[in-house]
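An overview of the molecular structure
Listed here are the chains, written in short residue letters.
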Amino acid sequence: GYPNVGKSSFINKISRADVEVQNYAFTTKSLFVGHFDFHYHRWQVIDTPGILDHPLEDRNTIEMQAITALAHLNACVLFFIDISESCGYTI
């Protein structure tokens, strides 16, 4: 999702991760991994920095790490949006 839409807050709530949360964009500067147990299975969740819409060749190292992590998932991807648009980006 876009920056500042609650991805890190969500990860902190559902897992044992301890991701920094602030009221400004681009707080998450690297990948964070958390785990939670559900129905006798351990699940892994990954918090990535916000991914902006621009060409692949214009992305920095952190954005490329996030894209690589997402490309290797074998389960589910949640995309967060802020319908109030208070994050600074429109739907």
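Here is what the cut-offs are and how they apply
Residues numbered from 1 in each chain as written. Predicted model: local features only at pLDDT ≥ 70, side-chain atom pairs only at ≥ 80, totals over all residues. Heavy atoms only, no water. Pairing = 2+ DSSP bridges. Helix = DSSP H or I, 4+ residues; strand = E, 2+ residues; numbered from the N terminus. Phe/Tyr/Trp six-rings, centres within 6.5 Å; stacked < 30°, edge-to-face > 60°. Salt bridge = Lys/Arg side-chain N within 4 Å of Asp/Glu carboxyl O. Buried < 20%, exposed > 50% of the residue type's maximum accessible area, 1.4 Å probe, protein only.

So, about the pairing of strand S1 (residues 32-38). Sheet topology places S1 next to strand S2 (residues 41-47); seven bridges connect them, and they run antiparallel. Across the sheet, the residue bridging to Phe-38 is His-41, located in S2. In sequence, S1 turns back onto S2 through a hairpin of two residues, with His-39 there showing a positive phi of about 55°.

Time to look at the packing of aromatic side chains. Applying the stated rule across the entire model yields one aromatic pair. When the ring of Phe-10 is compared with that of Phe-80, the centres are 5.1 Å apart and the planes differ by 55°; the resulting orientation is tilted. Here Phe-10 is found in helix H1 (residues 7-14), whereas its partner Phe-80 is found in the segment after helix H2 (61-71), with 70 residues between them in sequence.

Further remarks concern the pattern of salt bridges. Under the definition given, this model contains three salt bridges. In this structure, the salt-bridge partner of Asp-37 is Arg-42, at a minimum N-O distance of 2.9 Å. For Arg-42, a relative accessible area of 56% gives the class exposed. When the shortest N-O distance is used, the salt bridge between Arg-59 and Glu-63 registers 3.9 Å. Per residue, the accessibility class of Arg-59 equals that of Glu-63, and both read buried. Each of Arg-16, Asp-37 and Arg-42 takes part in one network of salt bridges that share partners.

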